[in-house]
Amino acid sequence: MSGTRKSSHDADWNAAIAAAYAGVEDYKSRLSNDNTYVRYGDPGAVFSAGSDVRLPTEPNDAFGSGIAGTWASVPGSTNGAQFRYEVDNRQYEATGSLRVRSSGRVGDVVRTIVVNVKQEGFVDYLYFTDYEMTDPILTKNSRCVPAYAWSSPYNQHPSYCTDIQFAANDVINGPLHSNDTVLVCGQTKFRGEFTTANSVGDLYKKVGGWSCPGDPVFTVKPKVAKSVGMPKTNSQMLSETRTDLDTVQRPGCLYTGPTIITLTSDGQMNVKSPFTKQTRILGEGAADGSTPPECGAVGTATGQLGSEAGATIDVIPQNLIYVQNVPDRSTNVNYWPTTTNPTSFSCTDGNSWLFGSSVRYPAVDEEVPYASPAHYGCRNGDVYVKGTLDGEVTLAAQNYIYVTGDLRYESASDDVLGLVGENSVWVHKPVKCTSWNEDRYGRKTTCSNYENLSSTKDRRIDAAILSVAHTFIVQNHDKGDGLGTLTVMGAIAQKFRGPVATTGGTGYVKSYSYDPRFKYMAPPKFLSPVSTTYGVSEIVEVKTAFNPDGSPA
């Protein structure tokens with residue numbers, strides 16, 4: 001080969017791989033503009049075998065195949081660079097990840113790469129917070145108007161808002177991102193990337209004084225990153241239980257009202273959901289529905305969802321469970337009149353209920369803390385969950401999620417759990433009052449001493465946790481004796497920072513570690529940020545997929 005021809009071939013060789021990368025960027029751009037684009041591709045492509053893809057209504061030249069098939073041109077190229085790509089979406093619903101095979105062509109050179117494309121989202125961080133302050137709903141008649149600290153000339157939150165800080169003994173074993181300014185007391189250890197959307201002031205603030213000596217320790221230098229938008233609700237997850245949408249190929253399960261879920265290490269779960277009538281719905285207003293056996297039989301007979309023993313069923317594979325409030329429209333298939341309760345379910349004052357003889361919230365003698373909405377609503381879409389998961393599932397609640405015991409994986413390499421509360425996700429820690437202050441007439445006024453209702457030490461949660469509108473928090477974190485360590489292996493995302501302890505020794509000591517699998521995958525049908533972008537988690541060059549004439553190689 002002459003020097004001129006070799007030089008030309010080398011240029012084409014390098015340009016062809018650049019064209020393949022341009023194909024990946026083109027596909028990512030289309031996904032970011034339309035997250036339903038995961039459904040599109042060439043159904044006849046060998047690489048897409050087993051995938052549920054179809055050609056889009058608006059033609060995309062990159063989905064061409066064969067000699068007569070089209071290639072897309074690289075924008076702005078002067079060397080005739082083109083690309084094609086094929087899509088494998090078989091694992092998208094389960095893991096949020098796609099495989100794309102992109103081929104670039106320049107002259108008589110074709111080069112091919114395979115990439116894993118993953119939606120960037122909340123599970124990219126061990127710890128994500130929108131506002132570094134206490135959730136205003138935890139304080140009665142709060143006058144706090146949330147705003148980012150960096151929006152103030154003094155890099156501080158508005159009056160009446162309560163800051164939350166990282167303690168000196170906190171260790172964050174994974175990436176952290178905040179849309180706000182992080183407040184640090186002493187020598188907090190940040191052992192992953194530390195990013196903030198604060199681009200106008202100090203990236204973090206140190207608490208002064210003798211009680212917070214020293215400086216935080218960073219494994220990676222803090223830097224500015226774009227803001228991550230929180231969705232206002234998780235209502236779009238309800239759509240995943242509808243049977244009439246072509247965007248929902250595998251509907252999940254819908255339960256109504258307070259629902260108790262106990263996961264067991266044999267791949268099953270026990271579900272008690274007395275208000276549930278239909279476990280999948282049809283139409284925007286849910287005027288009709290169905291009761292597939294995989295979601296459990298409805299009714300009050302033994303083994304059914306409304307029985308005191310509940311229904312024991314297999315964990316629905318790679319799917320989502322949504323728990324909704326009891327609907328207030330009579331045309332909804334899961335509607336109940338306000339004066340009617342299910343069999344064996346009784347309600348007192350709207351926020352105290354008993355199901356059967358043993359399931360009771362609040363517990364006897366429990367002192368219930370203030371929250372808005374109030375705890376334990378009789379008709380709220382609340383999930384009460386504990387146990388050991390053998391499977392891959394996401395649990396979403398229209399209201400609260402209460403973690404009432406350990407949540408563990410049977411296999412840390414295979415099992416995946418998502419918890420998504422539209423409102424708060426609570427680590428359940430009920431207390432009782434054992435001593436009261438009294439007024440001069442001997443009447444009880446305020447509690448002077450609290451005790452935990454459970455003496456069980458430590459709590460472990462293996463999950464990706466998201467509170468869409470509020471916070472991840474330990475209930476009664478400021479009351480009763482300390483209960484050891486709260487271990488979270490996964491990811492935590494929240495609108496407001498949630499306290500788990502006080503400096504007085506109540507609550508739990510944090511031990512949070514990032515689940516590294518979330519770099520490449522997410523729990524099934526997990527909620528995404530408002531502005532969705534896609535990243536590439538793995539790239540490998542493979543055998544060329546096409547000959548220069550477009551025929552399969």
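It should be noted that the structure appears before, not after, this text.
Summarised in this report is the structure supplied together with it. Keep in mind it's a predicted model, so treat the numbers as computed, not measured. (Residues numbered from 1 in each chain as written. Predicted model: local features only at pLDDT ≥ 70, side-chain atom pairs only at ≥ 80, totals over all residues. Heavy atoms only, no water.)

Focus: the overall build of the protein
Moving on, step 1. Within the protein, the secondary structure is distributed over two helices and 36 strands.
Moving on, step 2. By the compact-globule yardstick of 24 Å for 553 residues, the protein fits well, its C-alpha radius of gyration being 27 Å.
Moving on, step 3. In terms of principal-axis extent, the alpha carbons of the protein reach across some 105 × 65 × 40 Å.
Moving on, step 4. Classification of the 553 residues of the protein by burial places 53% in the buried group.
Moving on, step 5. Of all intrachain contacts in the protein linking residues separated by at least 6 positions in sequence, the fraction that spans at least 24 positions is 66%.
Moving on, step 6. Working note: accessible area of the protein is about 24,000 Å², and carbon and sulfur atoms make up 48% of it.
Moving on, step 7. Across the protein, the mean location of the 49 positive side-chain charges is 3 Å away from that of the 57 negative side-chain charges. (Helix = DSSP H or I, 4+ residues; strand = E, 2+ residues; numbered from the N terminus. Rg over C-alpha atoms; globule rule 2.2 N^0.38 Å. Buried < 20%, exposed > 50% of the residue type's maximum accessible area, 1.4 Å probe, protein only. Contact = heavy atoms within 4.5 Å. Areas by Shrake-Rupley, 256 points an atom, 1.4 Å probe, with all protein chains shown as cover. Lys, Arg positive; Asp, Glu negative; His and termini not counted. Charge placed at Lys NZ, Arg CZ, Asp CG, Glu CD.)

Thoughts on the pairing of strand β21 (residues 319–324)
Remark: a regular strand shows side chains that alternate across the two faces of the sheet.
Moving on, step 1. Counting buried positions along β21 yields six of six residues, so the element is predominantly enclosed.
Moving on, step 2. Residues of β21 alternate between two faces, with Asn319, Ile321 and Val323 on one and Leu320, Tyr322 and Gln324 on the opposite face, all of them buried.
Moving on, step 3. Pairing analysis gives four bridges linking strand β15 (residues 253–256) to β21, with the strands arranged parallel. Residue pairing across strands places threonine 256 opposite glutamine 324, the latter belonging to β21.
Moving on, step 4. By the bridge criterion, five bridges tie β21 to strand β27 (residues 392–397) in an arrangement that is parallel. Counted as the bridge partner of tyrosine 322 is alanine 396 from β27. (Pairing = 2+ DSSP bridges.)

Some thoughts on the nonpolar core
Moving on, step 1. Ranked by size, the top nonpolar core spans 77 residues in total, and within it Tyr255, Ile321, Leu419, Ile461, Phe472 and Leu486 carry the most contacts.
Moving on, step 2. In terms of residues, this core owes the most to one element, strand β33 (residues 459–474), which gives eight residues.
Moving on, step 3. Ignoring any residue separated from it by four or fewer positions in sequence, one finds phenylalanine 472 in contact with Val425, Val427, Ile461, Ile465, Ser467, Leu486, Val488, Ile492, Gln494, Gly498 and Tyr512.
Moving on, step 4. Grouped together as the second largest cluster of nonpolar side chains are 28 residues, Tyr27, Phe63, Val106 and Val109 included. (Core = buried A, V, L, I, M, F, W, Y, C linked by side-chain atoms within 4.5 Å.)

What about the environment of asparagine 351?
Moving on, step 1. Tracing the chain through its elements places asparagine 351 in the loop between β22 (345–347) and β23 (353–355).
Moving on, step 2. Look at asparagine 351 and you get partly exposed, because its relative accessible area is 34%.
Moving on, step 3. Sequence separation between asparagine 351 and glycine 377 is 26 residues; the distance between their C-alpha atoms is 4.2 Å.
Moving on, step 4. When residues no more than four places from it in sequence are discounted, the contact partners of asparagine 351 are Tyr361, Pro362, Ala374, His375, Tyr376, Gly377 and Cys378.

Brief notes about the sheet that holds strand β1 (residues 72–73)
Moving on, step 1. With antiparallel pairing, the five strands of this open sheet are ordered in space as β1-β2-β3-β4-β36. Pairing within the sheet leaves two strands with one partner each, and these edge strands are β1 and β36 (533–542).
Moving on, step 2. Alignment of strand β2 (residues 82–88) against strand β3 (residues 97–106), held across seven bridges, turns out to be antiparallel. Its bridge partner lying in β3, glutamine 82 is registered against arginine 105.

Digging into the packing of aromatic side chains
Moving on, step 1. Enumeration over the complete set of coordinates arrives at 31 aromatic pairs.
Moving on, step 2. With a centroid separation of 5.0 Å and 75° between ring planes, the pair formed by phenylalanine 275 and phenylalanine 345 is classed as edge-to-face. In this pair, phenylalanine 275 is assigned in the loop between β17 (268–272) and β18 (280–282) and phenylalanine 345 in strand β22, connecting sequence segments 70 residues apart.
Moving on, step 3. Residue phenylalanine 275 is classed as buried on the basis of its relative accessible area, which comes to 0%.
Moving on, step 4. Relative to tyrosine 361, the ring of tryptophan 353 has its centre 5.4 Å away and its plane inclined at 40°; by these criteria the two rings are tilted.
Moving on, step 5. The structure contains a cluster of three or more aromatic residues connected by ring pairs, namely Phe275, Trp336, Phe345, Trp353, Tyr361, Tyr376, Tyr384, Tyr400, Tyr402 and Trp426. (Phe/Tyr/Trp six-rings, centres within 6.5 Å; stacked < 30°, edge-to-face > 60°.)

A closer look at unusual backbone geometry
Moving on, step 1. Residue tyrosine 361 is joined to proline 362 through a cis peptide bond whose omega torsion reads 0°.
Moving on, step 2. For proline 362, the position within the fold is in the loop between β24 (359–361) and β25 (366–367).
Moving on, step 3. Note the cis peptide between serine 372 and proline 373, where omega equals 0°.
Moving on, step 4. Checked against the element boundaries, proline 373 lands in the loop between β25 and β26 (383–389).
Moving on, step 5. Of note, alanine 286 is a non-glycine position whose phi angle comes to about 55°, a positive value.
Moving on, step 6. Looking at the secondary structure, you find alanine 286 in the loop between β18 and β19 (288–290).
Moving on, step 7. Positive phi is not limited to glycine here, since glutamine 318 has a value of about 50°.
Moving on, step 8. Relative to the helices and strands, glutamine 318 resides in the loop between β20 (311–314) and β21.
Moving on, step 9. The partly exposed category is assigned to glutamine 318, whose relative accessible area is 26%.

Quick look at the side chain of serine 467
Moving on, step 1. Checked against the element boundaries, serine 467 lands in strand β33.
Moving on, step 2. Within the structure, the side chain of serine 467 is placed 3.0 Å from the backbone oxygen of asparagine 423, a separation counted as a polar contact.
Moving on, step 3. A polar contact is formed between the side chain of serine 467 and the backbone nitrogen of histidine 470, at a distance of 3.2 Å.
Moving on, step 4. Discounting chain neighbours no more than four positions away, the residues touching serine 467 are Met230, Gly421, Asn423, Ser424, Val425, Phe472, Ala493, Gln494 and Lys495. (Polar contact = N/O pair within 3.5 Å; in protein donor to acceptor, adjacent residues only side chain to side chain.)

Side note on the sheet that holds strand β12 (residues 204–206)
Strand pairs in the sheet, formed through backbone hydrogen bonds, run parallel or antiparallel to each other.
Moving on, step 1. The three strands are arranged β6-β9-β12 in an open sheet whose pairing can be described as parallel. The open sheet has two edge strands, β6 (165–166) and β12, and neither has a second partner.
Moving on, step 2. Of the pairings in the sheet, the one linking β6 to strand β9 (residues 182–184) comprises two bridges and is parallel in character. By the bridge assignment for β9, phenylalanine 166 is matched with valine 184.

Section: the pairing of β3
Moving on, step 1. Burial runs high along β3: nine of the ten residues are buried.
Moving on, step 2. Note that β3 and strand β4 (residues 109–120) share ten bridges and pair antiparallel. Within β4, the position partnered with valine 100 by the bridge is valine 115.
Moving on, step 3. Where β3 folds back on β4, the antiparallel hairpin that results is connected by two residues, among which glycine 107 adopts a positive phi of roughly 60°.

A look at the pattern of salt bridges
Moving on, step 1. In total, this model carries 22 salt bridges according to the counting rule given.
Moving on, step 2. Salt-bridge contacts for arginine 90 lead to aspartate 88; the nearest nitrogen and oxygen are separated by 2.8 Å.
Moving on, step 3. Residue aspartate 88 is classed as buried on the basis of its relative accessible area of 5%.
Moving on, step 4. Across the pair arginine 242 and glutamate 284 runs a salt bridge, and its minimum N-O distance is 3.0 Å. Pair noted here: arginine 242 is in the loop between β14 (223–224) and β15 and glutamate 284 is in the loop between β18 and β19, with a separation of 42 residues, a long-range link.
Moving on, step 5. For arginine 242, a relative accessible area of 10% puts it in the buried group.
Moving on, step 6. Here the salt bridges do not stand alone but share partners, grouping Asp88, Arg90 and Arg99 into one network. (Salt bridge = Lys/Arg side-chain N within 4 Å of Asp/Glu carboxyl O.)

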